[in-house]
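Listed below are the residues making up each chain.
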Amino acid sequence: MEPVGITGTDTRRELTLNMGPQHPATHGVLRLTLDLDGEMVVKCTPHVGYLHRGIEKLAESRTYQGVMPLTDRLDYVASVGNNIGYCLAVERLFGIEAPERAQYLRTIVFEMSRICSHLLWLATHALDIGAMTVFLYCFREREWLLDIFETICGARLTVSYPRIGGVLQDMEPEVLESLDAFTRMFPGKILEYETLIDKNRIWLQRTQGVGVIPAKEAIRWGLTGPTLRGSGVSYDLRRDAPYDAYDRVEFDVPIGKNGDVYDRYRCRMEELRQSNRIIQQCLAALPAGDILAHDAPDLDMPLAGKKELVPEMSLGNASIGFGDAVPVAPKGEIYSAVEVPKGELGFYLMSDGTGNPCRMRVRAPSYVHAGALAKMCEGAFIADVIAVIGSIDIVMGECDR
Amino acid sequence: MRRRVPDFVRKILFVEILKGLALTFRTMLKPPVTRQYPRERRDPKPGFRGQHAFVRNPETNREKCVACQKCATVCPSRCISIRYETDEHGVRHLTKYEIDALRCIFCGYCESVCPVCAIVLTETYEYASYSREGFVYDRERLLHNWDRFAAQLKRPAYFNMFWRPAGADVKRLAVVRRLQQPVPVRQTPDAGIAGTREPRAGQGQAPTQGDR
Ligand code: SF4
Ligand code: SF4
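Remember, predicted model here, so these are calculated numbers, not experimental data.

**Regarding the overall build of chain A**
Per the secondary structure count, chain A includes 15 helices and eight strands. Its C-alpha atoms give chain A a radius of gyration of 23 Å, near enough to 21 Å, the size a compact globule of 401 residues would have. Considered along the principal axes of its C-alpha atoms, chain A spans approximately 90 × 50 × 35 Å. Taking all 401 residues of chain A together, the buried fraction comes to 60%. In chain A, once contacts between residues fewer than 6 apart in sequence are set aside, the share between residues at least 24 apart is 70%. Per element, the accessible surface of chain A, about 15100 Å² overall, is 56% carbon and sulfur.

Here is the structure:
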């Protein structure tokens, strides 16, 4: 037999196929090289870095406040999650605590972004597998939430609504009403999506038993979020290391059993319901009060290691004299993680007392999940690779940073 | 879950697929939720972070900027550049103000820190240009942006929510921002509407040349 493909010395006809970085089903610019035996994937190698913008390095030359809008560009589908993750890390470093109302508002927007993200995931995932209708249905509901984001902060995707020590501004009663109407309407819509695909035999055949990763393997690969919970590991930072108002609301952490594409899908669908529940509880319990901590740094905090003291400041604080240098941030380092829709998003910040982080490192779930693709795609068919990529809900903005 | 119909009957009759199709057909009869974009435009919400503009001060008919440089300092993408001169009384006079909108990330920090409510992000979201220079906004262009925006504003007065965010601690705001009233806008029909094409470089409006 003639040698075929790259290995081509034996009778196995192996072919190396480049999938991406411009493939529409790879959700951005993920590139996979697939070693194929017929239609079977023998080896799958993910390549990342096509969307690298150096956010971690940029952060070293921006003030703590200035980094915040950059974090929008990590997981641009659910940017609030990144904002809050970053703000919490800085707050823990600075020793600030957001007022209670701000905590509740943040929890609300966090869950709104989770719903947005899961809706977009469901839309594109279903579209990849071939269910076109779900796509537009999901976008219909997502639009409602994006409109709310636009009302409260002026942007729909890259919102920058949270601030270090609180939020940008309070939500008006009309916004809260609109949100309340959404939470009452939304469970019915989830049922609609499920009517379309949940029991559909094509959907089941394309997802069940595909891209299986057992619990043990999932933990070893460092998976988090619904991708891990689909394998039956109950791990959710909102419950296990609560932040903001998550310790004051009740919700379940749905888990799967088989660790296949279908179970991950089920987990996310349940999470939609739980998010809706959390928003409802937060709306009911929303306390009155401030929205920004009094000791939160100013938006125009200085980049250098000291504040330029103006006379009014030394009047207000007798211990500081005019012209004294005050460190802007405490020295130290911190790792703080939140549960974003994709998994565990961690921020590691190192401070040397100046107004900018000395080093920032982002632990992005999508990056870790991209690595596990190699494992999940082994032995699958090419068409299943698409389903698997969809099921880990990868966002390259976060993966490549 | 109801289990009255045996599983194999459901399978043969394609029950789940028929249910899905029923939903699709029901939805087909509802009014469409999509917009036919160039013909139907959606109004952005007040406070939308769109194209930059200098608020035209009704008293002086010029921008209000006092060249304090706060916006340039706080801008995360460093896309604002400011030059000023100081006269004999120590008053700063703006000589150059430029925003490179291609680098801007529309975070809204500039309008949040401006102590005199001079720079705003207007609700204009259609501002394509044929050249890179068309996205470098200098003082005249920023004022022109304001006129263009004000002309099509459907409200009688403009107030930017970033000037005094709801629930914010007023004591932390600069004095002008504490007292800032909504800016009355005069609808001038000849100022062009949002969405009309920007002039090509070299035609009509002098294109702003980014000096380097
Ligand atoms: S919106 Fe943000 S990035 Fe754009 S000019 Fe203002 S501060 Fe700079
Ligand atoms: S912050 Fe306002 S007043 Fe200061 S330089 Fe910028 S636009 Fe001018």
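**Describing the overall build of chain B**
Within chain B one finds six helices and seven strands. Going from the N terminus to the C terminus, chain B shows its helices and strands as α-α-β-α-β-β-α-β-β-α-β-α-β. Contacts in chain B between residues at least 24 apart in sequence constitute 72% of all its contacts with a sequence separation of at least 6. Accessible area for chain B stands at about 12600 Å²; split by element, carbon and sulfur atoms hold 56% of it.

**Looking at the site of ligand 2**
If you check the shell around ligand 2, you find 13 residues, and the closest are Cys65, Cys68, Gln69, Cys71 and Cys114 of chain B. Residues of the shell around ligand 2, tallied by class, amount to eleven nonpolar, one polar and one charged.

**Considering the state of the cysteines**
Residues and elements named next belong to chain A. Scanning the model with the defined rule gives zero disulfides over all chains in all. Cysteine Cys44 is unpaired, with the sulfur of Cys377 as its nearest cysteine sulfur at 4.2 Å. For Cys44, a relative accessible area of 4% gives the class buried. Summary of cysteine pairing: Cys153 is not part of a disulfide, and the nearest cysteine sulfur, belonging to Cys116, is at 11 Å. Its relative accessible area of 0% is what places Cys153 among the buried residues.

**Regarding the pairing of strand 2 (residues 31–37) of chain A**
Residue and element names in this part refer to chain A. Along strand 2, five of the seven residues are buried, which leaves the element largely enclosed by surrounding structure. Relative to strand 2, strand 1 (residues 14–19) runs antiparallel, the two being bridged by six bridges. Within strand 2, the position partnered with Asn18 by the bridge is Thr33. As judged from the seven bridges shared by strand 2 and strand 3 (residues 40–47), these two strands associate in the antiparallel manner. Following the sheet pairing, Asp37 is matched in strand 3 by Met40. The antiparallel hairpin formed by strand 2 and strand 3 contains two residues in its connecting segment, where Gly38 sits at a positive phi of about 70°.

**Concerning the sheet that holds strand 7 (residues 343–351) of chain A**
All names here are of chain A. Read from one edge to the other, the open sheet built from three strands follows the order 6-7-8, with strand pairing classed as antiparallel. Of all strands in the sheet, those bounded by a partner on one side alone are strand 6 (332–340) and strand 8 (359–363). Each adjacent strand pair in this sheet contributes to an overall mean axis angle of 15°, direction not counted. Bridge analysis of strand 7 against strand 8 gives five bridges, and the strand direction is antiparallel.

**Quick notes on the site of ligand 1**
Taken together, 14 residues are adjacent to ligand 1, and Cys75, Ser77, Cys104, Cys107 and Cys110 of chain B come closest. Residue classes in the shell around ligand 1 are distributed as eleven nonpolar, three polar and no charged.

**What about the sheet that holds strand 5 (residues 136–137) of chain B?**
Residue and element names in this part refer to chain B. Pairing is antiparallel across the open sheet formed by three strands, whose spatial order is 2-3-5. Edge strands, defined here as strands with exactly one partner in the open sheet, are strand 2 (80–86) and strand 5. Pairing of strand 3 (residues 92–100) with strand 5, which is carried by two bridges, proceeds in the antiparallel orientation. Opposite Ile99, over in strand 5, you have Tyr137 as the bridge partner.

**Quick look at the side chain of Glu339 of chain A**
Residues and elements named next belong to chain A. Relative to the helices and strands, Glu339 resides in strand 6. At 3.1 Å, the side chain of Glu339 forms a polar contact with the backbone nitrogen of Leu237. Excluding residues that lie within four positions of it along the chain, Glu339 makes contacts with Phe110, Arg114, Gly225, Arg229, Asp236, Leu237, Arg238 and Tyr243.

**Structural notes on the packing of helix 4 (residues 100–129) of chain A against helix 5 (residues 132–153) of chain A**
How two helices pack is summed up by the angle between their axes together with the distance between the axes. Residue and element names in this part refer to chain A. Interaxial distance between helix 4 and helix 5 falls to 8 Å at its minimum, and their mutual angle equals 155°. When the interaxial angle is binned, helix 4 and helix 5 end up roughly antiparallel. As for the relative orientation of helix 4 and helix 5, their crossing is left-handed in sense. Contacts from Val109, Met112, Ser113, Ile115, Cys116, Leu119, Leu120, Leu122, Ala123, Thr124, Ala126 and Leu127 of helix 4 reach helix 5 at Met132, Val134, Phe135, Cys138, Phe139, Glu141, Arg142, Leu145, Leu146, Ile148, Phe149 and Ile152. Grouping the constituent residues of the contact of helix 4 with helix 5 by class yields 20 nonpolar, two polar and two charged.

**Side note on the interface of chain B and chain A**
A common way to express how large an interface is: the accessible area buried when the components associate. Facing 38 residues of chain B, the contacting portion of chain A comprises 44 residues. For the chain B and chain A pair, buried surface summed over both sides reaches about 3300 Å², with 54% attributable to carbon and sulfur atoms. The interface formed by chain B and chain A contains two salt bridges. Here chain B is connected to chain A by twelve residue pairs in polar contact (both at pLDDT 80 or more). Broken down by secondary-structure element, the contributors of at least two residues to the side of chain B that touches chain A are helix 1 (7–13), helix 2 (15–28), helix 3 (70–74) and helix 4 (109–113) of chain B.

**Topic: the packing of aromatic side chains**
Scanning the entire structure with this criterion turns up 19 aromatic pairs over all chains. Ring centres of Phe135 of chain A and Phe139 of chain A lie 4.7 Å apart, and the angle between their planes is 35°; on these two criteria the pair is classed as tilted. Taken together, the residues Phe135 of chain A and Phe139 of chain A, both in helix 5 and four residues apart, mark about one turn of the helix. Ring plane angle 65° and centroid distance 5.2 Å describe the contact between Trp203 of chain A and Tyr265 of chain A, whose orientation is recorded as edge-to-face. On the criterion of sequence distance, the pair formed by Trp203 of chain A in helix 7 (residues 201–207) and Tyr265 of chain A in helix 11 (residues 261–285) is long-range, its members being 62 residues apart. An aromatic cluster of three or more residues is present, and its members are Trp146, Phe149, Tyr158, Phe159 and Trp163 of chain B. Residue placement shows Arg268 of chain A over the ring face of Trp121 of chain A; its charged tip is 4.8 Å from the ring centre.

**Section: helix 5 (residues 139–152) of chain B**
Three- or four-residue spacings in an α-helix give side chains the same orientation, since the helix completes a turn every 3.6 residues. All names here are of chain B. With 14 residues, helix 5 should reach 20 Å at 1.5 Å per residue; the first-to-last C-alpha distance of 21 Å fits that figure. Looking at helix 5, one finds that the buried residues are Arg141, Leu142, Leu143, Asn145, Trp146, Arg148, Phe149, Ala150 and Ala151. Contacts made by the buried residues of helix 5 are with strand 1 (52–54), strand 3, strand 4 (119–121), strand 5, strand 6 (157–158) and strand 7 (183–184).

Cut-offs and rules
Here the residue numbering is sequential within each chain, running from 1 through the sequence in written order. Chain letters start at A and ligand numbers start at 1, both assigned in the order the entries are written. Reporting of local features is limited, given that this is a predicted model, to residues whose pLDDT is at least 70; pairs of side-chain atoms are given and counted only at 80 or more, and all residues count toward the totals for whole chains, interfaces and linings. No hydrogens and no water enter the side-chain calculation; it runs on all heavy atoms of the structure. Secondary structure elements follow DSSP: runs of H or I no shorter than four residues count as helices, runs of E no shorter than two count as strands, and numbering proceeds from the N terminus. Two things to know: the radius of gyration comes from C-alpha atoms, and the globule rule equals 2.2 Å times the number of residues to the power 0.38. Between buried and exposed lies partly exposed: a residue is buried under 20% and exposed over 50% of the maximum accessible area for its type, with that area taken using a 1.4 Å probe on protein chains only. Here a residue-residue contact requires only that any non-hydrogen atoms of the pair lie within 4.5 Å. A 1.4 Å probe and the Shrake-Rupley method give the accessible areas. Residues count as covered only by the protein chains that appear here. Whether a residue is near a molecule or strand is decided by its heavy atoms; if any one of them lies within 4 Å of it, the residue is near. Here the nonpolar group is Ala, Val, Leu, Ile, Met, Phe, Trp, Tyr, Cys and Pro; Asp, Glu, Lys and Arg are the charged ones; every other residue, Gly included, is treated as polar. Whenever a pair of cysteine sulfur atoms sits within 2.5 Å, that pair is classed as a disulfide. By definition, two strands form a pair when at least two bridges between them are found by DSSP. To get an axis, fit a line to the C-alpha atoms, keeping to the stretch in contact for a helix; angles then go from 0 to 180 degrees between the N-to-C directions. Distance and chemistry together define a polar contact, namely a pair of N or O atoms within 3.5 Å, with one atom able to donate a hydrogen and the other to accept it when in protein, and with adjacent residues in sequence counting only for side-chain atoms on both sides. Any angle that is under 35 degrees is reported as roughly parallel, and any over 145 degrees as roughly antiparallel; angles of 65 to 115 degrees are reported as roughly perpendicular and all others as oblique. Crossings are assigned a handedness: left-handed for a near helix turned anticlockwise from the far helix by less than a right angle, right-handed for a clockwise turn. Two parts placed together each lose some accessible area; with a 1.4 Å probe, that loss summed over both constitutes the buried area. For this analysis, a salt bridge means a side-chain nitrogen from Lys or Arg found within 4 Å of a carboxyl oxygen belonging to Asp or Glu. Classification of ring pairs rests on two measures: the distance between centres of Phe, Tyr or Trp rings, Trp counted by its six-membered ring, which must be within 6.5 Å, and the angle between planes, read as stacked under 30 degrees, edge-to-face over 60 and tilted in between. Either the NZ atom of lysine or the CZ atom of arginine qualifies as a charge over a ring when it sits within 6 Å of the ring centre and within 35 degrees of the ring normal. The span you would expect from a helix comes to 1.5 Å times its residue count less one.

Function-wise, these values are silent; they only describe arrangement.
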